[in-house]
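Chain residues, written in single-letter form:
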Amino acid sequence: MCASISGFSKLSKSKKIDWIVDTYFSNAEDAKRILKQYWNSNDKLQQLHDEFIENTITNYYLPLGVAPNFLINEKLYTIPMAIEESSVVAAASKAAKFWMDRGGFKTQVISTTKIGQVHFMYYGSTENIKNYFNSIKSQLIEDAKPITKNMEKRGGGILDIELRDKTEYIEGYYQLHASFETLDAMGANFINSCLEQFSKTFKTEALTFDGFSEEEKNIQIVMSILSNYVPDCLVRAEVSCRVEDLNEDKNISAEEFATKFLQAVKIAEVEPYRAVTHNKGIMNGIDAVVLATGNDFRAVEAGVHAYASRNGIYSSLSHAKVENGIFTFWMEIPLALGTVGGLTGLHPLVKLSLELLHHPTAKELMQIVAVAGLAQNFAALRSLTTTGIQEGHMKMHLMNILNQFEATETEKATLTEHFKTNVVTHSAVVEAINQLRINN
Ligand code: MEV
């Protein structure tokens, strides 16, 4: 049934639920029961979640797993990962252990600059807008002082503001292109507040600027917003070891593995269809840690994929080489993350995740997240170039299917044993569980 409603947001939570279940569900009571099953019995905690967003009707759970044994710059971490996809945490843990025994991950923050822009229209002389910008630039920064003073005390703030002429793309289009250092905050609110202040000052002061004609005084602000493209907020993660040390109990020599691994990375460097999947594997690790630590995975995703196409072709984020018998695998990736502000001080599981990571600074978190991405990519390429991906995936998938069929613990034990020597497919598992139930 299609239905519209006005004033929905003003209804109480229980009235919202009543409307939803009565309008859309054949079994309203059943739907209500499921929604309520996911409420937290602690009213205060539930209210906290209710108030994160609007029109909350229940909570949507994701598992929070941990991947131990990550040695990063000589320090050991257990990394929290919030993700629904089976195999990701297992793969991360395996890669962590593999590299822990080979010197661990080396990381480095290359830069931490974030960007925001005021987009505006001005139909006049380029010379005059440049003069105006130069005359007003220090006032733009000064007028934003109430917003920036605390950040400045801690060593951050506005780094620079440039006037950018974009009229070759759109007639009359210019920008104030500003760069920021936001330290341990992701900085979205800080940057957006600064930008909105810039736009006010910029528009208002133009009205009394002597160097403008009457027409030129009419600067039209289109919008003021941070950019999620952060190519100068960059972190590098790397692993390396002697080629012969790559050997493990796979049916492949270390040299052959290194060759296939390099080929797989090269393919992702030149072939966008493969690069997207290759990078998706990296994002399996990155998003899971970004989510667990209360950061904005959509922002990270957008920025990372834009970076992957910075040279005009969508390409691999990671790279590999063998030089003088040393295998090196690395990645440089833009990550705008925060460890203060936003959800980090609110969500109890985010706080717990950050404590698990020894209360990292934003720079430390950038390194941990990049490592989770590189580890995930290593694990995926290792499976793909040796056993194939399905072997591991289907074992994890087995448990999901068994849960779907509400298998008992005894059934799970019997079928896990059975599928140690049989290929896991959806139909094979369904058949086996049916057979087992007939026999018992
Ligand atoms: C699946 O979630 C991720 C992989 O497809 C990544 C890859 O192909 O490199 C396994």
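Look up a bit, the structure's there.
Residues numbered from 1 in each chain as written. Predicted model: local features only at pLDDT ≥ 70, side-chain atom pairs only at ≥ 80, totals over all residues. Heavy atoms only, no water.

**Looking at the packing of helix H5 (residues 126-143) against helix H7 (residues 188-206)**
Then step 1. Where H5 meets H7, the closest approach of the two axes is 9 Å, and the angle between their N-to-C directions is 130 degrees. Here H5 is positioned oblique relative to H7, judged by the angle of their axes. Of the two possible hands of crossing, H5 and H7 adopt the one that is right-handed. Taking contact as the criterion, the partners of Ile 129, Tyr 132, Phe 133, Ile 136, Gln 139, Leu 140 and Asp 143 in H5 are, on H7, Gln 197, Phe 198, Thr 201, Phe 202, Glu 205 and Ala 206.
Then step 2. Looking at the contact of H5 with H7 residue by residue, the class counts come to eight nonpolar, three polar and two charged. (Axes fitted to C-alpha atoms, helices over the stretch in contact; angles between N-to-C directions. Helix = DSSP H or I, 4+ residues; strand = E, 2+ residues; numbered from the N terminus. Parallel < 35°, antiparallel > 145°, perpendicular 65-115°, else oblique. Left-handed = near helix turned anticlockwise from the far one by under 90°. Contact = heavy atoms within 4.5 Å. Nonpolar A, V, L, I, M, F, W, Y, C, P; charged D, E, K, R; others polar.)

**Let's talk about the pattern of salt bridges**
Then step 1. Within this structure, the stated rule accounts for 20 salt bridges.
Then step 2. The shortest N-O distance in the salt bridge between Glu 74 and Lys 106 comes to 3.6 Å. Of this pair, Glu 74 sits in the loop between strand E1 (64-72) and strand E2 (75-82) while Lys 106 is found in strand E3 (residues 106-109), placing the two residues 32 residues apart along the sequence.
Then step 3. A salt bridge links Arg 242 to Asp 245, with the nearest nitrogen and oxygen atoms 3.2 Å apart. (Salt bridge = Lys/Arg side-chain N within 4 Å of Asp/Glu carboxyl O.)

**Some points on the packing of helix H6 (residues 145-153) against H7**
Then step 1. Between H6 and H7, the least distance of the axes is 9 Å, while the angle of their chain directions is 145 degrees. The way H6 lies across H7 gives a crossing that is left-handed. Where H6 abuts H7, its residues Ile 147, Thr 148 and Met 151 lie against Phe 190, Ser 193, Cys 194 and Gln 197.
Then step 2. Tallied by class, the residues present in the contact of H6 with H7 amount to four nonpolar, three polar and no charged.

**Section: the packing of aromatic side chains**
Then step 1. As enumerated under the stated definition, the model contains 24 aromatic pairs in all.
Then step 2. On the numbers, 5.8 Å between centres and 80 degrees between planes, the contact of Trp 19 with Tyr 24 is edge-to-face.
Then step 3. Seen from the ring of Phe 8, Lys 16 lies directly overhead, with NZ or CZ sitting 5.9 Å from the centre.
Then step 4. In this structure, Lys 321 is placed above the aromatic ring of Trp 330, and the distance from its NZ or CZ to the ring centre is 5.6 Å. (Phe/Tyr/Trp six-rings, centres within 6.5 Å; stacked < 30°, edge-to-face > 60°. Lys NZ or Arg CZ within 6 Å of the ring centre and 35° of its normal.)

**Quick notes on the site of the ligand**
Then step 1. Near the ligand the following residues occur: Glu 85, Arg 274, Thr 277, His 278, Lys 280, Gly 281, Asn 284, Ala 380, Leu 384 and Ile 389.
Then step 2. Contact distances for the ligand include 2.7 Å between an oxygen atom and a side-chain N or O atom of Arg 274.
Then step 3. At a separation of 2.9 Å, an oxygen atom of the ligand approaches a polar side-chain atom of Asn 284.
Then step 4. Contact with the protein chains removes 86% of the 300 Å² of surface that the ligand exposes when unbound.
Then step 5. Elements with a minimum of two residues in the shell around the ligand: helix H9 (272-292) and helix H12 (362-385).
Then step 6. If you tally residues by element for the shell around the ligand, the top one is H9, at six residues.
Then step 7. For the shell around the ligand, the residue count by class is three nonpolar, four polar and three charged. (Near = heavy atom within 4 Å. Polar contact = N/O pair within 3.5 Å; in protein donor to acceptor, adjacent residues only side chain to side chain. Areas by Shrake-Rupley, 256 points an atom, 1.4 Å probe, with all protein chains shown as cover.)

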